[in-house]
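Coordinate inspection notes
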Amino acid sequence: MPLDQKPLPAQPSADSGPDRTGGPGSVDEADSVDEAGGAAGTAGVPDGTESAEDPGAAEGATVLAGHDAAVAAGPADWDIRQPGPWTHRDLAANGARFHIAELGEGPLVLLVHGWPEYWWAWRHQLTALAAAGYRAVALDLRGIGGSDRTPRGYDPGNLALDITGVIRSLGERRAHLVGHASGGTLSWVAAVMRPSVIQSLTVVSAAHPRDLRRALLTDRRQIAAFDHVLGFQRPWIPERRLVADDAALVGRYLDAWTGRNQLDRTSVAAYRQAIQIPSTAHCSIEPYRWLLRSMARPDGIQFARRMKKPITAPTLHIQGAADPVLLSHTALGGGEYVAAPYRWRLMPGVGHFPHEEAPEQFTAELLDWIGRHKD
């Protein structure tokens, strides 16, 4: 049966108020993450406007206006499959069903979102890539958006096989893979596990898994910046707090994690609604639970060893200089694991979401990179 993709009305509970413990994961986490990362505040937030124009020009502007109207209509009239020039459909891969938004024809570019976003995060790139002659596909990861919420399967190995399985289900042998944050981490893993499938790799706001593991064991600044992840380790309480008050905490995270160009208000509202789709809050943070809980377990140690394998795909590594979540010095050094052309791009004044905060600059970098590695 099709998945119910309407968010449930939030029901504030005793756990949705201020966390009286003051520990990791409290309602004030956004402020603590911002302070720990030494990055952007929330002053000068634009009201319902984009920080930069969509490379999709007039058609893209029409799509965004339609999305704004849908969000403004409220949760009851909101759906994950927003209309636009793209086509929505479902694919079977790796034992689950995945929702994609697809636009254009040509070499495949698969776009993988991070937390707390879903496929809509790539709206700018979908139109720009299609206009440049590519088949652009934005994927909803397992447990998020319009994809299946399975009871298990949220370790990085299985999630990476979801990605490569979707490439195969799209009828393609290879793809240019683009991943942001947790989707970027999975892109590193996919390039190690299925190198023949990845034509080029673009990683955004994501350190190589071995660098991230090292930082979370030894770097107090990066540990503090991952305060929200520490809070996710508790059972049930994080899920309840993420959806309380119409997912207000998610909105605070998004505001605290951006640089000079804040996300537009309608997109923040959309991400808040998406996290309220039943089971999404739980499924979307399960990979973070695995990340920390596996560090001392045999499966986590074995995964770290496996990630020593060199990556053979040409790799573009993009990082926002003002990212308060994944600190620049943690991300720096990913080229150590790439046995192929590697390019590091640090974007000044940009926070955790380069593809949304500076879409024109980001898309130009992406198009240049995949254009160099078409063959």
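Since the model is a prediction, treat every value here as computed from it, not as a measurement. Counting restarts for each chain, with residues numbered from 1 along the sequence as it is written. Totals for whole chains, interfaces and linings use every residue, but because this is a predicted model, local features are given only for residues with pLDDT of at least 70 and side-chain atom pairs only at 80 or more, for both listing and counting. Hydrogens and water are ignored here; the side-chain numbers use all heavy atoms of the structure.

Brief notes about the environment of aspartate 245
Numbering of helices and strands runs from the N terminus, with a helix taken as a DSSP run of H or I at least four residues long and a strand as a DSSP run of E at least two residues long. Along the chain, the position of aspartate 245 falls in helix 9 (residues 237-256). Accessibility here uses a 1.4 Å probe with only protein chains present; expressed as a share of the type maximum, an area under 20% marks a residue as buried, one over 50% as exposed, and anything in between as partly exposed. Since its relative accessible area comes to 38%, aspartate 245 is described here as partly exposed. Taking the C-alpha atoms as reference, aspartate 245 lies 9.9 Å from arginine 272; in sequence the two are 27 residues apart.

Let's talk about the packing of aromatic side chains
Two aromatic rings, drawn from Phe, Tyr or Trp (for Trp, its six-membered ring), form a pair once their centres lie within 6.5 Å of each other, and the interplanar angle then sorts them: stacked below 30 degrees, edge-to-face above 60, tilted otherwise. According to the stated counting rule, one finds 14 aromatic pairs in the structure shown. Between tryptophan 86 and tryptophan 119, the aromatic rings sit 5.3 Å apart at their centres with planes inclined by 75°, giving edge-to-face as the arrangement. Of the two residues, tryptophan 86 is situated in the loop between helix 2 (57-72) and strand 1 (87-93) and tryptophan 119 in the loop between strand 3 (108-112) and helix 3 (123-131); the sequence distance between them amounts to 33 residues. Across the pair, tryptophan 119 and tryptophan 86 agree in class, each one buried. Note on tyrosine 253 and tryptophan 257: the rings are 4.9 Å apart at their centroids and 20° apart in plane angle, and the pair reads as stacked. Both residues of the pair, tyrosine 253 and tryptophan 257, count as buried. Three or more aromatic residues joined by ring pairs make a cluster, and in this case those are Trp78, Trp86, Tyr118, Trp119, Trp120 and Tyr271.

Quick look at a positive patch on the surface
Think of a patch as exposed residues, more than 30% relative accessible area, with no salt bridge, where like charges cluster within 9 Å and nonpolar side chains (Val, Leu, Ile, Met, Phe, Trp, Tyr) cluster within 5 Å. Surface accessibility in these figures is a Shrake-Rupley result with a 1.4 Å probe; residues are shielded only by whichever protein chains are displayed. The rule for a salt bridge is simple: a side-chain nitrogen of Lys or Arg has to be within 4 Å of a carboxyl oxygen of Asp or Glu. Neither His nor the chain ends contribute to the count of charged residues, in which Lys and Arg are positive and Asp and Glu negative. To locate a charge, take atom NZ for lysine, CZ for arginine, CG for aspartate or CD for glutamate. Among the surface-exposed residues, Arg168, Arg173, Arg174, Arg194, Arg306 and Lys309 lie close enough to one another that they form a single positively charged patch. Inspection of the secondary structure assignment puts arginine 194 in the loop between helix 5 (182-193) and strand 6 (198-204).

Some points on unusual backbone geometry
The amide bond that connects tryptophan 115 to the next residue, proline 116, takes the cis arrangement and shows omega of 5°. Relative to the elements of secondary structure, proline 116 occurs in the loop between strand 3 and helix 3. A positive phi angle, close to 50°, is found at asparagine 94, a residue other than glycine. Relative to the assigned elements, asparagine 94 resides in the loop between strand 1 and strand 2 (96-103).

Overview of the packing of helix 9 against helix 10 (residues 265-275)
The convention used is that axes are lines fitted to C-alpha atoms, helices contributing only their stretch in contact, and that angles between N-to-C directions extend from 0 to 180 degrees. Relative to each other, helix 9 and helix 10 sit at 135°, their axes nearing to 8 Å. As far as their axial angle goes, helix 10 and helix 9 are oblique. Like other packed secondary-structure pairs, helix 9 and helix 10 cross with a definite hand, here right-handed. Residues Leu242, Val243, Asp245, Asp246, Ala247, Ala248, Val250, Gly251, Leu254 and Asp255 of helix 9 touch helix 10, and the partners they reach there are Arg265, Val268, Tyr271, Arg272 and Ile275. Basically, the charged four are Asp, Glu, Lys and Arg, the nonpolar ten are Ala, Val, Leu, Ile, Met, Phe, Trp, Tyr, Cys and Pro, and anything else, Gly included, counts as polar. Across the contact of helix 9 with helix 10, the residue classes tally to 9 nonpolar, 1 polar and 5 charged. Angular relationships are summarised with four words: roughly parallel below 35 degrees, roughly antiparallel beyond 145, roughly perpendicular across 65 to 115, and oblique for the angles in between. Crossing handedness: left-handed means the near helix sits turned counterclockwise from the far one by under a right angle, and right-handed means the same turn made clockwise. In what follows, a contact means two residues having at least one pair of non-hydrogen atoms within 4.5 Å.

Honestly, it's all geometry; don't read function into it.
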